[in-house]
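Take a look at the letters that make up each chain.
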Amino acid sequence: MKKYKALGLVAGVGIALGLGMVVSAPAHAQATLDAVKKRGKVLCGVSPVAAGFSYADNKGVRRGFDQDVCRAVSAAVFGDPDKVESIPLSTNVRFQGLQSGEVDLLSRQTTWTFTRDNSLGLDFGPIVFYDGQGIMVPAKLNVKSAGELGSAVVCVLPGTTTQQNLEDYFRPRNIKYEAVVFENSDEWRNAYFTGRCDAITTDRSDLASVRAVAPDPKAHVILPETISKEPLAPVVRQNDANWRDIVSWSFYAMVAAEELKITQANVDTFLTSKDPEVQRLLGVNGDFGKMLGLDNKWAYNVIKGVGNYAEIFNKNVGPDTPIGLTRGPNKLWTEGGLLYSPPFR
Amino acid sequence: MTRLFYDLRVRAVLYQVLAVLGVVSLGWYLASNVSQKLADQNIATGFAFLGREAGFVISTSLIDYKPTDSFARALLTGVLNTIFVSTLAVVFATIIGLLVGVARLSANPLLRALAFVYVEALRNVPLLLYLFLWYGLIVTTLPPVREAIELAPHVFISNSGVTIPAMNWTPAHTKVLLALVAGAVLSLAVRRRMVATRVATGVERRVWPWVLLALLGPALVALLVFQPEITIDYPEKGRFRLTGGAHLKPEFTALLMGLTLSASAGIAETVRSGILSVNRGQWDASRSLGLDRRLALRLVVLPQALRVIIPPLTSAYLSLFKNSSLATAIGYPDLVLVTNTTMNQTGQAIEGIAIMMLVYLGISLIISLFMNWYNARVALKER
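Being a predicted model, the structure only gives us computed values, none of them experimental.

(A) Representation of the interface of chain A and chain B. The interface is formed by 46 residues belonging to chain A together with 40 residues belonging to chain B. When residues of the side of chain A that touches chain B are traced back to their parent elements, those giving at least two are helix 1 (2-18), helix 4 (94-99), helix 5 (114-119), helix 6 (161-170), strand 10 (178-181) and helix 7 (185-193) of chain A. Considering every element that reaches the side of chain A that touches chain B, the biggest residue donor is helix 1 of chain A, with eight residues. Partitioning the side of chain A that touches chain B into residue classes produces 19 nonpolar, 18 polar and nine charged.

Put into structure tokens, the structure is as follows:
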């Protein structure tokens, strides 16, 4: 019945917009922060099921990388990472959910693109995960590269950048293919596992999640080609710069912490550090918290409650998890990656 | 002044004017409110996106559609897919519904019981579950396409559907097909004419040779004139897929099956109630005229039952047409699926929903109009 819900949500959002009930589009600065504080929790739009990114564990608690991005925001605002209410949104309704004020931020494997940034009334935060679209095929097909996929059937999800990327990649190479589009990610995965499709395509990180839940993960290979850039970033409404800053800097605090070698376990020992940047970050010195409208120990709370970037990466999707991703471009800039936090100054 | 206010006719008009004013101003308020809120939030509005390149593939298309075509054409493809599957489902559901409805009243207890089980099982489970069931059955029980079962030479069945040899279609074939359609119309006219003559004169003449001639004659002439070349395109195993031939996809099959079967159960009940509504005396009267049960049903009872059947049948067709939107769940590219993709790539949800509503409303009204016209035709004529 998931499909029904999604349809209902689209219709509901449409009607709500139609009735002019876009009440939660606050006009004054700090409006989202005020609303969040008053409510006592952050409403976070997440993927319904994406192993490693956002999924409910066997106790029903949502975990994952995207989840931790939300928890960082909660820690910065409340000093407690667990004041998050996660609202699963399908690819098709995620932006409307944010526009209509159903969630405060979207942390849902969402690719930052020009059109989305400029036509949805939304703003993207920092890139939290550098991804690219890949294609996975069963190993027994013996396909070595995407160029061999002529006349293959590919399973895709609707309302994602993947559908157009696939076309952009295959059209100039004159490769004919057939796409079967599924609204529901369970149906989509299943169609691939049962062989209705010869290949499945989505972001490489997501392919790793799909492979992790396959009946036999070793029977699937991800082809070497990365056919697009998929910078995944959290999304907020455009009219609240303060809230956007809070979301951005909560994330940067985790990146800076990794760079400064501060971890969840040792953050207390850094409170006495002589390094001025550490002092500013942890709120020992300066009043960075006030500038954001938060407690001065906001970044300390993020690191203490959630951890640094390396910790959330390794815990959720790293090499020791079933997802088994390596850092790749998501290494710090000092180690040859793309992760780079503006200075805390 | 008060006298005028108490005038019944004046009041009637006044209330109507007030009601219309209320609806119009509410509509205007909603529209202006939406456009202002959207502008405040910097959300793009308008229908300019329809002209932009869609850039996504649609797996099934009745018209020539390429990803380089516009969003408008992609939506049209979706609309046609919706109409195509619903029309086929209406035809099949009506035929099955009629048969099952009559079977429910059969004198044979086994047939009656089977029809009963059929109706109850299909009527009491949500359609969406059946769609998942049919689709799941097709996709999980049949082998993948590389291990396709060859049912007959060149006929393959797999979880990617059924692939059969197909004739290469040329314009000459279309002309022959048109001739065949013309023949069908002609044969109906000939039959009607001959029956009328028989009734008028009482002279028995053999009807079927003339009907057959009218049916096949034009097509045979067209065959000789246009001489369509008959070449067969056989499906062959490629690296991934069977290429060539005609391909019936599982998404379409599952949707057509789900829609047809669930609607047929409702139609069967409608047919049964229609037949039961005809007075018992009509049966007795036809039997006393020497008509057997089948003839009595066809010539006396069903024409009268139609009056009762048509209005609920209209609702059944309407809901079948709207239920086809559940196609999205199993990946058949109907209007809803294409619109969803469009809304996502453009971010213009309100416009997308509006287009969907207009299309569904428009087609539903057309179905209603047609059925009302037909209903008026079969209704009891009071002279």
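Now, onward.
(B) Layout of the packing of helix 3 (residues 71-103) of chain B against helix 11 (residues 335-346) of chain B. Residue and element names in this part refer to chain B. Packing of helix 3 against helix 11 leaves a shortest axis separation of 7 Å and a crossing angle of 160 degrees. Compared by their axis directions, helix 3 and helix 11 come out roughly antiparallel. Between helix 3, through F71, A74, L75, T77, G78, V79 and T82, and helix 11, the contact on the second element is made entirely by L335, L337, V338, T339 and T342.

(C) How the structure looks around helix 3 (residues 65-78) of chain A. Residues and elements named next belong to chain A. Relative to the 20 Å expected for 14 residues at 1.5 Å per residue, helix 3 spans 20 Å between its end C-alpha atoms, a close match to the ideal helical length. Summarising burial for helix 3: 14 of the 14 residues are buried, a large majority. Following helix 3 by one or two positions, G79 has its phi on the positive side, about 75 degrees.

(D) Structural context of the environment of T201(A). Residues and elements named next belong to chain A. Take T201: it is sitting in strand 11 (residues 199-203). For the pair T201 and V137, spaced 64 residues apart in the sequence, the C-alpha separation amounts to 8.9 Å. Every residue in contact with T201, bar those within four places of it in the chain, is listed here: Q133, I135, V154, V156, T162 and L166.

(E) Broad picture of the sheet that holds strand 11 of chain A. Residue and element names in this part refer to chain A. Across the sheet, five strands lie side by side as 10-9-11-8-12; this open sheet has mixed pairing. Two strands lie at the open edges of the sheet, namely strand 10 and strand 12 (220-222), each paired on one side alone. Direction aside, neighbouring strands of the sheet carry axes that sit 30 degrees apart on average. As judged from the three bridges shared by strand 8 (residues 133-138) and strand 12, these two strands associate in the antiparallel manner. Paired with V137 across the bridge in strand 12 is V221.

(F) Just unusual backbone geometry, in detail. Not every positive phi belongs to a glycine, and Q109(A) is a case in point at roughly 45 degrees. One can find Q109(A) in the loop between strand 5 (105-106) and helix 5. According to the C-beta neighbour criterion, Q109(A) is buried, with 28 such atoms within 10 Å. You will see that H154(B), though not glycine, has its phi angle at about 70 degrees, which is positive. Within the element layout of this structure, H154(B) appears in the loop between strand 1 (149-152) and strand 2 (155-158). C-beta crowding within 10 Å serves as the criterion here: with 17 such atoms nearby, H154(B) is assigned to the partly exposed category.

(G) Region of interest: the pairing of strand 1 (residues 42-46) of chain A. Residues and elements named next belong to chain A. With five of its five residues buried, strand 1 lies for the most part within the structure. Neither face of strand 1 is left uncovered, since the one carrying V42, C44 and V46 and the one carrying L43 and G45 both have all their residues buried. Note: strand 1 against strand 4 (residues 84-88), five bridges, orientation parallel. Bridge assignment links V46 to a residue of strand 4, and that residue is P88. Two elements, strand 1 and strand 5, share two bridges in a ladder whose sense is parallel. Bridge pairing links G45 to L106 in strand 5.

(H) Structural detail: the domain arrangement of chain A. Residue and element names in this part refer to chain A. As far as domains go, chain A holds domain 1 (2-130 + 232-335) and domain 2 (133-228). With 20 residues of domain 1 in contact, the opposing surface of domain 2 contributes 15 residues. For the side of domain 1 that touches domain 2, the leading source of residues is helix 1, giving three residues.

Basis of the calculations
Residues numbered from 1 in each chain as written. Chains lettered and ligands numbered in written order. Predicted model: local features only at pLDDT ≥ 70, side-chain atom pairs only at ≥ 80, totals over all residues. Contact = placed C-beta atoms within 7 Å. Helix = DSSP H or I, 4+ residues; strand = E, 2+ residues; numbered from the N terminus. Nonpolar A, V, L, I, M, F, W, Y, C, P; charged D, E, K, R; others polar. Axes fitted to C-alpha atoms, helices over the stretch in contact; angles between N-to-C directions. Parallel < 35°, antiparallel > 145°, perpendicular 65-115°, else oblique. Expected span 1.5 Å × (residues − 1). Buried ≥ 20, exposed ≤ 12 C-beta atoms within 10 Å, placed from the backbone. Pairing = 2+ DSSP bridges. Domains from an automatic or database assignment.

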